[in-house]
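Coordinate analysis (summary)
Next come the chains, spelled out residue by residue.
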Amino acid sequence: MSTVDSPAAARSPRWTTRRIVTDVLLTVNTLLAILAILAVWANRQLLNPDNWATTSTRLLQNQAVRTATANYLVDQLYNNVNVAALIESGLPPRLDPLAGPAAGALRNAAVQATELALSRPLVQDLWSASNRRADQALVAIVNGGNRQISVNGNEVTLNLRSILDDVASRLGISADLGAKLPPSVANLVIMRSNQLKAVQDAGGALKGLAAILYILVPLIYVAAIVIARGRRRRTLLTVGASGIVAGLVILLARSLGIRAVENTLVRDDSVRPAARAVASVATGMLSEIAGAVILIGVVIVIAAWFAGPSRFAVPARRWIAPYLRVHPVGTYLVVAAVLLLIFIWQPIPATGTPVGMIVFAVLAALGTEALRRQTMLEFGERQPPQEANGAHLEQLTALQHAGALTADEAEAARARLTEQEPTPP
């Protein structure tokens, strides 16, 4: 018979070693969880063309970003095209002196017209498609396909020519203005050819790191729970707290990073709102992943607490025990209905994917079965008070050996049962 849960075993070197190993695993895994969140976010954001296109479209839908983009496009237009000459060519000779003032007056109108154009679905679709092609080129290069994909001499660029043509046509200047601009303006360089090898190495490492940590972090949590024999419920509670801490650290780092971009990296006050918006939108998926980890951690903490000896949890388990025992099918149907509502609601992205649905369904089934077995051990068929207390003492011992209760928790529960025993007449 195992004695690791007895007071004597609690002082044994083997029990102490298990506890030290468990604590070390949980501490290290909290740091790995933080790294995993960052790696998964970077992989999904940078190496997924659909996600990149969606994020870029959200950027253009932001007012501050549209204003900054409109000013940039108009600045490039005036810096590379003689707008006054274009206007002069369309005026009668006697009105040629008005071409210069008209070009200056047209600048503000051009910014407003460009900003309006950028808010139109057609232009936003062009922007999204251009960003998707640029990210597809990046992904192809990361995957080693840079020979098959050549964008302006092995440079990954964001093509702004179609957007400039749309803006120019709205201003009535020229429908093919983009063709008159130099390549450095019409195609915004994102990555140059001398950076391809570094990007390939970094992209490959990022993909591998995200895949490894995505699997390794949950496995280490499971290993910690398995090793922590005699204190598994508390270990499960710590696992949930670890996820909450990792998510909160990411959210705090994101907030500090956005402030650093706005206040430290950007010196022009007029650009700071746009910079803040870009940093906020670009890290929106990071916030979603961190929020999902926090939510899962909260659910784990609640489950571990509900299985413990608190003054609320024990009466609650006693109240639902008869239903769980008599109606197992109904219990699982209730759990399935709750899961269906969660999958429809999709509070986190994982609840909307087939793999996520399967994982959560399996975990819910395992948790429900564990709760049924625990309540059956604690609160079986109703018995006379003295026999019930004796049965409960045996059940407490079984729960202690199963790791659901620690030695201290079991002793406290035994003390409460002893105090409730009726005094013989």
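Residues numbered from 1 in each chain as written. Predicted model: local features only at pLDDT ≥ 70, side-chain atom pairs only at ≥ 80, totals over all residues. Heavy atoms only, no water.

Here the structure, examined in full by the defined rule, presents one aromatic pair. Ring centres of Trp305 and Phe312 lie 5.6 Å apart, and the angle between their planes is 10°; on these two criteria the pair is classed as stacked. (Phe/Tyr/Trp six-rings, centres within 6.5 Å; stacked < 30°, edge-to-face > 60°.)

Below, the discussion takes up the pattern of salt bridges. All told, the structure shown has four salt bridges when counted by the stated rule. Its salt-bridge partner being Arg372, residue Glu369 comes within 3.3 Å of it at the nearest N-O pair. Highlighted residues: Glu369 and Arg372, both in helix α17 (residues 354-378), separated by three residues, approximately one helical turn. We classify Glu369 as partly exposed; its relative accessible area is 22%. Residue class for Arg372 comes out buried when judged on its relative accessible area of 11%. Here Arg373 and Glu369 are joined by a salt bridge, their closest N and O atoms 3.1 Å apart. You can see Arg373 and its partner Glu369 sitting in helix α17, four residues apart, about one turn around the helix. The class for Arg373 is exposed, based on a relative accessible area of 55%. (Salt bridge = Lys/Arg side-chain N within 4 Å of Asp/Glu carboxyl O. Helix = DSSP H or I, 4+ residues; strand = E, 2+ residues; numbered from the N terminus. Buried < 20%, exposed > 50% of the residue type's maximum accessible area, 1.4 Å probe, protein only.)

Take helix α12 (residues 232-265) next. End to end, α12 covers 47 Å across 34 residues, agreeing with the expected 50 Å (1.5 Å per residue, within 8%). By the burial criterion, the buried members of α12 are Arg233, Thr235, Val239, Gly240, Ser242, Gly243, Ala246, Gly247, Ile250, Arg254, Ile258 and Glu262. (Expected span 1.5 Å × (residues − 1).)

Moving on: the environment of Val74. Relative to the assigned elements, Val74 resides in helix α4 (residues 63-80). For Val74, a relative accessible area of 2% gives the class buried. Taking the C-alpha atoms as reference points, Val74 and Val111, 37 residues apart in sequence, are found 6.2 Å from one another. Excluding residues within four positions of it along the chain, Val74 makes contact with Arg107, Ala110, Val111 and Thr114. (Contact = heavy atoms within 4.5 Å.)

Our focus in this paragraph is a nonpolar patch on the surface. Taken together, the side chains of Val355, Ile358, Val359, Val362, Leu363 and Leu366 make up a nonpolar region of the molecular surface, amounting to roughly 570 Å² of accessible area. As for its placement among the helices and strands, Ile358 is situated in helix α17. (Patch = residues over 30% accessible without salt bridge, like charges linked within 9 Å, V, L, I, M, F, W, Y side chains within 5 Å. Areas by Shrake-Rupley, 256 points an atom, 1.4 Å probe, with all protein chains shown as cover.)

Here we take up helix α14 (residues 284-306). Here α14 contains 23 residues, and its C-alpha end-to-end distance of 33 Å stays within 8% of the 33 Å for a straight helix at 1.5 Å per residue. For α14, every residue scored as buried is listed here: Gly284, Met285, Leu286, Ile289, Ala290, Ala292, Ile294, Gly297 and Ala304.

Here the focus is the packing of α12 against α14. Close contact between α12 and α14 brings their axes to 8 Å; oriented N to C, the two are set at 160°. Taken together, α12 and α14 sit at an angle that is classed as roughly antiparallel. Helix-helix and strand crossings are classified by hand; for α12 and α14 the assignment is left-handed. Grouping the constituent residues of the contact of α12 with α14 by class yields 17 nonpolar, six polar and two charged. (Axes fitted to C-alpha atoms, helices over the stretch in contact; angles between N-to-C directions. Parallel < 35°, antiparallel > 145°, perpendicular 65-115°, else oblique. Left-handed = near helix turned anticlockwise from the far one by under 90°. Nonpolar A, V, L, I, M, F, W, Y, C, P; charged D, E, K, R; others polar.)

Turning our eyes to something else, we now look at the environment of Leu213. Position of Leu213 among the secondary structure elements: in helix α11 (residues 196-227). Accessibility expressed as a relative area gives 5% for Leu213, which makes it buried. Separated by 184 residues in sequence, Leu213 and Asn29 place their C-alpha atoms 9.9 Å apart. When residues no more than four places from it in sequence are discounted, the contact partners of Leu213 are Leu32, Leu35, Ala36 and Pro218.

Two numbers describe a pair of packed helices, the interaxial angle and the distance between the axes. For the pair helix α16 (residues 328-345) and α17, interaxial distance at closest approach is 11 Å and the crossing angle is 145°. In the packing of α16 onto α17, the handedness of the crossing is right-handed. Of α17, the residues touching α16 (which contributes Pro328, Thr331, Tyr332, Val335, Leu339 and Phe343) are Met357, Phe360, Ala361, Ala364, Ala365, Thr368, Glu369 and Arg372. Taken together, the residues of the contact of α16 with α17 break down into 10 nonpolar, two polar and two charged.

Attention now moves to the nonpolar core. In terms of nonpolar packing, the biggest core is built from 26 residues, with Ile37, Trp41, Tyr221, Ile250 and Ile289 touching the most fellow members. Put simply, the parts of the chain that give this core at least two residues each are α2 (13-46), α7 (121-142), α11, α12 and α14. At nine residues, the largest contribution of residues to this core is made by α2. (Core = buried A, V, L, I, M, F, W, Y, C linked by side-chain atoms within 4.5 Å.)

None of the figures reported here should be taken as evidence of function without further support.
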